[in-house]
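These are the residues of each chain, in order.
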Amino acid sequence: MTLAQTDDQPWRLHAACLFVDDPEIFFPYGKGHQLRRNSLQARLVCQQCPVQVECLDEALDIDTSRDWGVWAGTLPEERVKMRRNRRDARSRQARREAR
């Protein structure tokens, strides 16, 4: 991430990932168990991040066709489930309000 990428989201200046020597840890490879194992180092960085909530909010708003890597300690497959749950919750809320 460069400083230019933080202009519209100043919270990024406080992201723990900015201070990691090897940013490649946020782009693990593999599938299933291997992917989870390879993402562990990035997830540990995210657990200590002061802007993890803001990062997850942004990650959940990303177009799923561009969704890759570890964001806020989550993998793309986990964010797919989170998006679905969020969409379902919004749909239930809208139905309640329409009654």
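All residue numbers here refer to positions counted from 1 along the written sequence of the relevant chain. Note on the predicted model: pLDDT of at least 70 is required for a residue's local features to be given, and 80 or more for side-chain atom pairs to be given and counted; whole-chain, interface and lining totals, by contrast, use all residues. With hydrogens and water stripped out, all remaining heavy atoms of the structure feed into the side-chain values.

A.B. asks: Any chance you could break down the side chain of Asp-67 for me, citing the residues and the numbers?
C.D. replies: For Asp-67, the location among the structural elements is in the loop between helix H3 (52-61) and helix H4 (76-98). Polar contacts, as used here, are pairs of N or O atoms within 3.5 Å; protein pairs need one atom able to donate a hydrogen and one able to accept it. Residues neighboring in sequence count only if both atoms are side-chain atoms. Only 2.5 Å separates the side chain of Asp-67 from the side chain of Arg-79, close enough to count as a polar contact. Looking at Asp-67, its side chain comes within polar contact range of the side chain of Arg-83, at 2.9 Å. Helix numbering and strand numbering both begin at the N terminus, where a helix is a DSSP run of H or I of at least 4 residues and a strand a DSSP run of E of at least 2.

A.B. asks: Before we move on, could you go through the confidence of the model for the protein chain and cite the residues and values that matter?
C.D. replies: For every residue, the predictor states its confidence as a pLDDT score lying anywhere from 0 to 100. Put simply, the protein chain has an average pLDDT of 87, and 93% of its residues get 70 or more. Per-element mean pLDDT across the protein chain ranges from 87 in helix H1 (residues 32-38) up to 96 in helix H2 (residues 40-47).

A.B. asks: Explain a positive patch on the surface to me, using residue names and the numbers behind them.
C.D. replies: A cluster of basic side chains, namely Arg-92, Arg-95, Arg-96 and Arg-99, defines a positive patch on the protein surface. With respect to the secondary-structure elements, Arg-96 resides in helix H4. Patch membership needs two things, relative accessible area over 30% and no salt bridge, and members are linked within 9 Å if like-charged or within 5 Å if nonpolar (Val, Leu, Ile, Met, Phe, Trp, Tyr). All accessible areas in this document rest on Shrake-Rupley with a 1.4 Å probe, and a residue is counted as covered only by the protein chains that are shown. Whenever a carboxyl oxygen of Asp or Glu lies within 4 Å of a side-chain nitrogen of Lys or Arg, that contact is scored as a salt bridge. In this count, Lys and Arg are taken as positive residues and Asp and Glu as negative ones, while His and the chain termini are left out. Think of each charge as sitting on NZ of Lys, CZ of Arg, CG of Asp or CD of Glu.

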